[in-house]
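Structural description and commentary
Below are the chains, spelled out letter by letter.
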Amino acid sequence: MAPEIDLIDADLYQRGGPPHDQFGWLRQNAPVYWHADGGQDDWPGFWAVTGHEDITHISRHPELFSSSRRLVLFPEVPEEARAASRQMMLNMDPPQHTRQRAFVNRGFTPRMIGQLEAHIEEICRALLDKLQRNGGAGTSDFVTDIAAPLPLHVICELVGAPEKDRDRIYELSNHLVGSDDPEFQGPVGERLQQTAAAEIYGFAHELAERRRAEPADDIVTKLLQPDENGEELTSHEFDVFFLLLTVAGNETTRNAASGGMLAFFEHPDQWQRLVGDPSLIPTAAEEVVRWVSPVNMFRRTATRDLELGGQRIAEGDKVVVFYASANRDGKVFDRAQEFDIGRDPNPHIGFGGGGPHFCLGRHLAALELRILLRALTERMPGLALDGEVSRLRSNFVNGIKHLPVRW
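Quick summary incoming for the structure in this document. None of the values given here were measured: they were computed from a predicted structure. (Residues numbered from 1 in each chain as written. Predicted model: local features only at pLDDT ≥ 70, side-chain atom pairs only at ≥ 80, totals over all residues. Heavy atoms only, no water.)

This part takes up the overall build of the chain. For the chain, the count of helices and strands is 17 helices and twelve strands. Compactness check: the chain gives a C-alpha radius of gyration of 21 Å against a globular reference of 22 Å for 407 residues, within 12% of the reference. Judged by the C-alpha coordinates and their principal axes, the chain covers about 60 × 60 × 45 Å. The buried share among the 407 residues of the chain stands at 55%. Sequence separation of 24 or more characterises 70% of the internal contacts of the chain that already satisfy a separation of 6 or more. Of the roughly 17,600 Å² that the chain leaves accessible, carbon and sulfur atoms contribute 50%. Of the side-chain charges in the chain, 42 are positive and 61 negative, and the distance between the mean point of each set is 2 Å. (Helix = DSSP H or I, 4+ residues; strand = E, 2+ residues; numbered from the N terminus. Rg over C-alpha atoms; globule rule 2.2 N^0.38 Å. Buried < 20%, exposed > 50% of the residue type's maximum accessible area, 1.4 Å probe, protein only. Contact = heavy atoms within 4.5 Å. Areas by Shrake-Rupley, 256 points an atom, 1.4 Å probe, with all protein chains shown as cover. Lys, Arg positive; Asp, Glu negative; His and termini not counted. Charge placed at Lys NZ, Arg CZ, Asp CG, Glu CD.)

One open sheet accounts for five strands, arranged E1-E2-E8-E5-E3; its pairing is mixed. The sheet is open, and its two borders are formed by strand E1 (32–35) and strand E3 (65–66), each paired with just one other strand. Examined bridge by bridge, E1 and strand E2 (residues 46–49) share four bridges and lie antiparallel to one another. By the bridge assignment, His35 is partnered in E2 with Phe46. Strands in contact with helix H3 (residues 52–59) are E1, E2, E3, strand E5 (297–302) and strand E8 (318–322); relative to E8, the strand with the most contacts, it is inclined by about 125 degrees. (Pairing = 2+ DSSP bridges. Axes fitted to C-alpha atoms, helices over the stretch in contact; angles between N-to-C directions.)

One finds Phe142, Met261, Phe264, Leu274, Leu376, Leu383 and Leu403 to be the most contacted residues of the largest nonpolar core, which totals 84 residues. Examining the composition of this core, we find that 15 residues originate from one element, helix H13 (residues 235–266), more than from any other. Excluding anything up to four places from it in sequence, Met261 contacts Phe142, Trp271, Leu376, Leu383 and Leu403. Membership of the second largest hydrophobic core comes to 19 residues, among which are Val32, Val295, Leu308 and Ile349. (Core = buried A, V, L, I, M, F, W, Y, C linked by side-chain atoms within 4.5 Å.)

So far we have only geometry, and geometry alone does not tell us how the molecule works.
Printed below as a string of structure tokens:
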């Protein structure tokens, strides 16, 4: 019997996470599904794409499925707002995207990421030292005390943001991502997001000015340098990228870490397996990303009439890809509904389905998860759930706001 299909109800995600019962039925029966309910009266219906193969195809063909025409986030925005948002790399198509990606790639080389490994280990150690300062037992909120500050401090380290600004950057990131969650919004609603973005731009401008005056061996200096043709990012381009880096760099790792820990609580045999065999940490980190799928969906717009999954899609149609579904696709993953920290190979698309928008910080996020898992298994092998889980009210980010733990 077919379940009721509603893939965009934020309350549904807050109650229980991604609707995997609906995803499973759609993959089997309607992998490219016309979702007539657009979410609001003036929003169009859309094609919901749930299969791994189709989502990978869409990701690798930006000439057919545009990120720029109507942007990549699910909500509909007026054209004047779209014009401004197209200055963010996430909302670009080639060749504009290719140019900007070439600039920022210079800051994410293996050498630059490798330089951070010792810093990440220090950050993990300091976070756990703070929690364990009163002895070997205690309680905590895993999200606010571990999963959130870790990537925040790493990103701030990466860009050279002063320590005094880090809590404020975290708060602003919550405002930007948690637009549908009352906990992270004030009475002004959307206006609060605009204020948060403006404040992050201010941080970016100050950082750029400081690095232009005092270059260093860090990502900001790399991004501000001219390329081999003498071109460089404009001040505004840098500010917009800094906003993207701040939000995406924090939220992806934060929600993978907290969602991954919840998965271990729900599968204690896998936690004991990891504690007993640390060599599984690399595959465990990848399985966490597959299982959690920190980013649930992105939107594309068809650039021409085409066919996908046996359905005729018209130029201009809204096409929404659901990564959380693709990462449980039984055509790709053996025992797809099992959480298996030894899974190998693991062709998940938790960082995107390839193509030009494949996650820039993918290697950094995986490194953070590996280091965190090693630290937790060594220092808190008895970590356990200690209360009710509070999920983010969002159909975009598969997030957890609060995860009470004891050790």
